[in-house]
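Examining the three-dimensional arrangement
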Amino acid sequence: SGLWRTIQRLGEWANIDSAQCVPHMFRRTFAVNFMRQNGDIYRLSKLMRHSSVDVTEIYLTSYLQSEARHRVKSVLDNL
């Protein structure tokens, strides 16, 4: 609870939305950065001690969607 309170106070000080300023975000941030560094989702799942890769995929849902959009070329790119 001490870590939680510290992060909440820092978030208030930095004017960060309280829903985004929770200790759990460190895990999500780690997961996304791991994958951005060409990490393997199976290894990440083990590092995070998830019961299955499906749980890890839930963590990465927004990351996977944004990466898919980022890598897709538009038909207008070649005009």
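See the structure shown above.
To keep things clear, this report deals only with the structure shown in the data block. Bear in mind that the values here come from a model prediction, so they are computed numbers and not experimental data. (Residues numbered from 1 in each chain as written. Predicted model: local features only at pLDDT ≥ 70, side-chain atom pairs only at ≥ 80, totals over all residues. Heavy atoms only, no water.)

**Observations concerning the overall build of the protein chain**
For clarity, the threshold we go by: Runs of H or I in DSSP of at least four residues are treated as helices and runs of E of at least two as strands, each being numbered from the N terminus. Relative accessibility under 20% of the residue-type maximum defines a buried residue, over 50% an exposed one, and the middle range a partly exposed one, all with a 1.4 Å probe and only protein chains included. The Shrake-Rupley method, run with a 1.4 Å probe sphere, supplies the accessible areas, and residue values consider only the shown protein chains as cover.
When helices and strands are tallied, the protein chain shows 5 helices and 0 strands. Element order for the protein chain, N to C, with α for helix and β for strand: α-α-α-α-α. Relative to its 79 residues, the protein chain shows a buried fraction of 25%. Of the accessible surface of the protein chain, which amounts to about 6500 Å², a share of 55% is contributed by carbon and sulfur atoms.

**Quick notes on the packing of aromatic side chains**
Here the distance between the centres and the angle between the planes together describe a pair of aromatic rings. To be explicit about the condition: In this analysis, rings of Phe, Tyr and Trp, with Trp reduced to its six-membered ring, are considered paired at centre separations within 6.5 Å, and the interplanar angle assigns stacked below 30 degrees, edge-to-face beyond 60, and tilted for intermediate values.
Per the stated rule, a full pass over the model turns up 1 aromatic pair. Aromatic pair F30 and F34: ring centres 6.0 Å apart, planes at 35 degrees, arrangement tilted. Highlighted residues: F30 and F34, both in helix α2 (residues 24–36), separated by 4 residues, approximately one helical turn.

**A closer look at the side chain of S45**
To be explicit about the condition: Any two residues whose heavy atoms approach within 4.5 Å are treated as being in contact.
Note on placement: S45 falls in helix α3 (residues 41–47). By relative accessible area, which is 5% here, S45 ends up buried. The contacts of S45, once residues within four sequence positions are left out, are H50, S52, V53 and T56.

**Description of α2**
Heads up, the condition is: In this analysis, the expected span of each helix is defined as 1.5 Å times one less than the number of residues it contains. The arc refers to the directions leading from the helix axis to the C-beta atoms.
Compared with an ideal rise of 1.5 Å per residue, which puts 13 residues at 18 Å, α2 spans 19 Å between its outermost C-alpha atoms and is within 8% of the ideal. For α2, the complete set of buried residues consists of A31, V32, F34 and M35. Take α2 and look down its axis: the buried residues cluster within an arc of 160 degrees, on one side only. The positive-phi residue at the C-terminal boundary of α2 is N38, with phi of around 65 degrees.

**A closer look at the environment of L3**
Position of L3 among the secondary structure elements: in helix α1 (residues 2–13). The spatial distance from the C-alpha of L3 to the C-alpha of V22 is 9.2 Å, given a sequence separation of 19 residues.

**Observations regarding the side chain of Q8**
Note on placement: Q8 falls in helix α1. Apart from residues lying up to four places away in sequence, Q8 is in contact with S18, C21 and V22.

**Quick look at unusual backbone geometry**
The backbone of N15 shows a phi angle near 60 degrees, a positive value even though the residue is not glycine. The topology assignment puts N15 in the loop between α1 and α2. Notably, R49 is not glycine yet its phi reads approximately 60 degrees, a positive angle. Looking at the secondary structure, you find R49 in the loop between α3 and α4 (53–59).

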